[in-house]
Amino acid sequence: MTANWKKLLIAGVVCALFIALPMVMELGTNILNLLVMLFIFIILSQSWNLIGGYTGQINLGLAAFFGCGVLVTHFLWKAEVPIYLAVLAGGVATVVLAVIIGLPTLRLRGVYFAIGTLALAEVLRIVMGNIFATWVKMPGSYVTTYSLLPRYYLGLVVALIAVSVVYFVTNSKLGLAMVAVRDDEQAAQVTGVNTFKYKVLALLISAFLAGLGGGVYAFYRLSFYSISLVFSPLWTFEPLMAVMIGGAGTLVGPVIGSFFLVILSEVFALTLGEAHLILFGVLFILVILYFPYGLVGSVDQVRQLMARASRGRLWKAR
Amino acid sequence: MENVIQAIVSGILVGALYALIAYGLGLIMGIMKFLNVAHGSFLILGGYVSYWIFTLWGIDPYLSVPLVIIATFLTGLILYKLTLSPLLKLPDIEMRVANSLLVTFGVIYVLDNAMALTWTPNSRSIMTSYTGEAIDIFGAHLSITGLCGLGIAILVAVALYFILSKTYFGKHVRAATQDAEAASLCGVNVQRTYLISCGIAVALAGVAGVIVVSSYSVTPTSGLSWLLIGIVVMVLAGEGNINAILPAGIILGLIESASIFVVGAPYRQAVALVIFIIVLMFRPQGLFTGREQKSI
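Residues numbered from 1 in each chain as written. Chains lettered and ligands numbered in written order. Predicted model: local features only at pLDDT ≥ 70, side-chain atom pairs only at ≥ 80, totals over all residues. Heavy atoms only, no water.

Section: the overall build of chain A
Each helix and strand counted, chain A has 14 helices and two strands in total. A compact globule built from 318 residues would reach a C-alpha radius of gyration of about 20 Å, and chain A, at 21 Å, matches this within 12%. For chain A, the C-alpha atoms occupy an extent of roughly 75 × 50 × 40 Å along the three principal directions. Relative to its full complement of 318 residues, chain A shows a buried share of 49%. Within chain A, counting contacts between residues at least 6 apart in sequence, those at least 24 apart form 80% of the total. (Helix = DSSP H or I, 4+ residues; strand = E, 2+ residues; numbered from the N terminus. Rg over C-alpha atoms; globule rule 2.2 N^0.38 Å. Buried < 20%, exposed > 50% of the residue type's maximum accessible area, 1.4 Å probe, protein only. Contact = heavy atoms within 4.5 Å.)

Set out below in structure tokens:
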């Protein structure tokens, strides 16, 4: 219990820090941009974490959900709907998309869910690129009143929502069922867990979060030179990488991974240019192969090793 | 009527290319239970190598096939050594498939960006004297590049059939597929068998890339759509059923060229996806295998 309070306190302090930060000091445009991207990454990676990390279903179609959120929010906002409602509607529309995709693909076994979602994201990218072949942008009046602070706070709020949704879901019966599905689907089914139902539920919540993330991005970026860019597989790959680096199936892992990724990409984009993406790919492969539990898991492993070592020393001393 | 014949003919020609793409995927999946999602990127790599040979030395793309095979074969060996062989330690097949998917997803990222740096993100294609030329038979146009693709696909199908069923290496492959542990107890060098089959699979992607670059075009990021086609063909044929890949590819090609009439060209990929999901839901063992039978 005490450990829980300690964690809650840390979380509260971090939140308060982020809320107060732009009020007490003037942040430069660069830092604000970076922080907004960080929030979007946290939202997307938590969304992936829920379906991939906790439920064990590899979703390679995150870009489809994200892009759907971007599109719906963008066009609703253009139609003079208040942005908060538009973002929410983006999330809901993404849930609808997830139902359409999820019901057939989640019945597929194993990796074919991954392939099905990847195929879907690709098809959506091509189809949307065909439909919106021109420059998609907001009217000029929105550009003149553009300021980064509302984007910052919207991103912060949605990121907090994403983290707390994942926290509450994983500490409920639903989360227990999700982990059971991940660890051994057959065993879970035999003991009476309706695995399909829980997989669909996890996908829907995850899609909702991804749609909200897309909404924040639509609020942040006013114009899209080519709409197929928001459906690009990069939007799947980078959040996935954040989850894997931080540690899949943990609450703080994706947050740490997002921090790591955003800061690293900022540093390397300046020094290495395009080549930094290759470096990221190599890093991702190394993490999957050699550190499957990510940073958080590695810390736990090291702690266990230390504990074992110190116990061994005590035993020898005796 | 002429339109129908034309659609059938071009469906068969395109389908042969699709089958060629699926061979490499099917080999890796059937033998080692790795799903190599970077297959499309290797295809593009093969296309670029061929493009380079053509522009630097002026060698015809179809004559450069052996060079492309050597280059991509070596790439395949590197792929196996660096990324896939560590996964063999994983205890369970499902985990192995899932992790190979994630790792090769990372490989896509590395390869695509490396290719964009080397050859710029512009789309490249090879223009030879016979590009766009066609032979007319019964009022149907058969493009020469398409015919070459069909020829190479048939050649690959026959060669793979003979290698897998008639040679010692093929015997080793089949043994390692059925039971890797038992095979290694009987003196089969399973690691080497895996290594070489991975090289062959990637080399096949390179060969398909030569056809793609000479009859379509390549960009560093277009690998993903070719990969998806390959996976659809692999699923239609049934996982690990190498001999059924050519007919499955041709079936997909025919369905696609029929769907152009119905829904229009930009949406033909969506049609392939729908077929993919329907097949996986109702006949997950593929169109050509019986319920329990599994062959390589």
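Re the overall build of chain B
Counting secondary structure elements, chain B contains 11 helices and two strands. Seen in sequence order, chain B has helices and strands lined up from the N terminus as α-α-α-α-β-β-α-α-α-α-α-α-α. A globule of 296 residues ought to have a C-alpha radius of gyration of about 19 Å, and chain B, at 19 Å, matches this closely. In terms of overall dimensions, chain B has C-alpha extents of about 60 × 45 × 35 Å along its principal axes.

Topic: the environment of Leu287 of chain B
Residue and element names in this part refer to chain B. Position of Leu287 among the secondary structure elements: in the segment after helix 11 (268-282). By relative accessible area, which is 35% here, Leu287 ends up partly exposed. C-alpha separation for the pair Leu287 and Ile8, spaced 279 residues apart in sequence, amounts to 20 Å. When neighbours within four sequence positions are excluded, Leu287 is seen to be in contact with Leu236 and Ile251.

Looking at the side chain of Thr170 of chain A
Residues and elements named next belong to chain A. Along the chain, Thr170 falls in helix 7 (residues 148-170). Within the structure, the side chain of Thr170 is placed 3.1 Å from the backbone oxygen of Tyr167, a separation counted as a polar contact. Setting aside anything within four residues of it in sequence, one finds Thr170 in contact with Leu50, Tyr54 and Gly175. (Polar contact = N/O pair within 3.5 Å; in protein donor to acceptor, adjacent residues only side chain to side chain.)

Brief notes about the interface of chain B and chain A
With 40 residues of chain B in contact, the opposing surface of chain A contributes 41 residues. The junction of chain B with chain A conceals about 3,400 Å² of combined surface from both sides, 83% of it contributed by carbon and sulfur atoms. If you sort the residues of chain B by the area they bury against chain A, Leu102, Phe105 and Tyr109 of chain B come out on top, with a joint share of 22%. Across the contact surface, chain B and chain A share zero salt bridges. (Buried area = accessible area lost by both parts, 1.4 Å probe. Salt bridge = Lys/Arg side-chain N within 4 Å of Asp/Glu carboxyl O.)

Section: helix 1 (residues 2-32) of chain B
Residue and element names in this part refer to chain B. Over its 31 residues, helix 1 extends 45 Å from the first C-alpha to the last, a length consistent with the 45 Å expected when each residue adds 1.5 Å. The principal kink in helix 1, of about 30°, is found at Ala22. Taken across its 31 residues, helix 1 has 23 buried, putting it largely inside the fold. Looking one or two places after helix 1, you find Lys33, whose phi comes out positive at around 60°. (Expected span 1.5 Å × (residues − 1). Bend = angle between axes of the 7 residues up to and from the residue.)

As for the packing of aromatic side chains
All names here are of chain A. Going through the model one piece at a time under the given rule, you end up with 20 aromatic pairs over all chains. With a centroid separation of 5.4 Å and 65° between ring planes, the pair formed by Phe39 and Tyr152 is classed as edge-to-face. Of this pair, Phe39 sits in helix 2 (residues 29-54) while Tyr152 sits in helix 7, placing them 113 residues apart in sequence. You'll find Phe39 and Tyr152 in the same group, each marked buried. Between Tyr217 and Trp235, the ring centres sit 5.0 Å apart and the planes meet at 65°, which makes this aromatic pair edge-to-face. Here the residue Tyr217 occupies a position in helix 10 (residues 195-220), and Trp235 occupies one in helix 11 (residues 234-246), the gap between them amounting to 18 residues. For Trp235, a relative accessible area of 11% translates into the label buried. Grouped by ring-pair contacts, the aromatic residues Phe18, Phe39, Tyr152, Tyr153 and Phe259 constitute a single cluster. (Phe/Tyr/Trp six-rings, centres within 6.5 Å; stacked < 30°, edge-to-face > 60°.)

Quick look at the confidence of the model for chain B
Scored by pLDDT, chain B comes out at a mean of 84, with 96% of its residues at no less than 70. Contacts for the low-pLDDT stretch residues 292-296 of chain B, under 50 throughout, to residues beyond four places or in other chains number nine contacts. (pLDDT = per-residue confidence, 0-100.)

Re the pattern of salt bridges
Residue and element names in this part refer to chain A. One pass over the structure, following the stated rule, counts three salt bridges over all chains. Measuring nitrogen to oxygen at the nearest pair gives 3.0 Å for the salt bridge that ties Lys199 to Glu185. Linking Lys199 in helix 10 with Glu185 in helix 9 (residues 185-190), this pair joins segments that are 14 residues apart in sequence. Residue classification places Lys199 among the buried residues on the basis of a relative accessible area of 4%.

Topic: helix 6 (residues 168-178) of chain B
Residue and element names in this part refer to chain B. Restricting attention to buried positions, one finds in helix 6 the residues Gly170, Val173 and Ala176. For helix 6, the buried positions fall inside an angular range of 125° around the axis, keeping them on one side. Seen from the open side of helix 6, the exposed residues pointing more than 90 degrees away from its buried face are Tyr168 and Gln178. As for helix 6, its buried residues are in contact with helix 1, helix 5 (144-166), helix 7 (180-185) and helix 8 (190-215). (Arc of directions from axis to C-beta.)

With respect to the nonpolar core
Formed by 210 residues in total, the largest nonpolar core has its most connected members in Ile40 and Tyr217 of chain A together with Tyr23 and Phe276 of chain B. In terms of residue count, helix 1 of chain B provides more of this core than any other element does, 17 residues in total. Not counting residues up to four positions away in its chain, the partners in contact with Ile40 of chain A are Phe66, Gly213, Val216, Tyr217, Tyr220 and Trp235 of chain A. (Core = buried A, V, L, I, M, F, W, Y, C linked by side-chain atoms within 4.5 Å.)

Some thoughts on unusual backbone geometry
Of note, the phi angle at Glu80 of chain A is positive, near 70°, even though the residue is not glycine. If you trace the backbone, Glu80 of chain A turns up in the loop between helix 3 (62-78) and helix 4 (83-105). Residue Lys33 of chain B is not a glycine yet carries a positive backbone phi of 60°.

A look at a nonpolar patch on the surface
Residues and elements named next belong to chain B. Residues Trp52, Leu56, Trp57, Leu67, Ile70 and Leu74 make up a contiguous nonpolar surface patch of roughly 670 Å² in combined accessible area. Listed by contribution, the elements that provide at least two residues to the nonpolar patch are helix 2 (39-57) and helix 3 (65-84). Of note, Leu74 is situated in helix 3. (Patch = residues over 30% accessible without salt bridge, like charges linked within 9 Å, V, L, I, M, F, W, Y side chains within 5 Å. Areas by Shrake-Rupley, 256 points an atom, 1.4 Å probe, with all protein chains shown as cover.)

Concerning the packing of helix 2 of chain B against helix 4 (residues 93-119) of chain B
Two measures define how a pair of helices packs: the angle their axes make with one another and the distance between the axes. Residue and element names in this part refer to chain B. For the pair helix 2 and helix 4, the least separation of the axes is 10 Å and the interaxial angle reads 20°. The angle between the axes of helix 2 and helix 4 places the two elements in the roughly parallel class. The crossing of helix 2 and helix 4 is left-handed. Contacts between helix 2 and helix 4 involve Ser41, Phe42, Ile44, Leu45, Tyr48 and Trp52 from the former and Val107, Ile108, Leu111, Asp112, Met115, Thr118 and Trp119 from the latter. Of the residues in the contact of helix 2 with helix 4, the class split is 10 nonpolar, two polar and one charged. (Axes fitted to C-alpha atoms, helices over the stretch in contact; angles between N-to-C directions. Parallel < 35°, antiparallel > 145°, perpendicular 65-115°, else oblique. Left-handed = near helix turned anticlockwise from the far one by under 90°. Nonpolar A, V, L, I, M, F, W, Y, C, P; charged D, E, K, R; others polar.)

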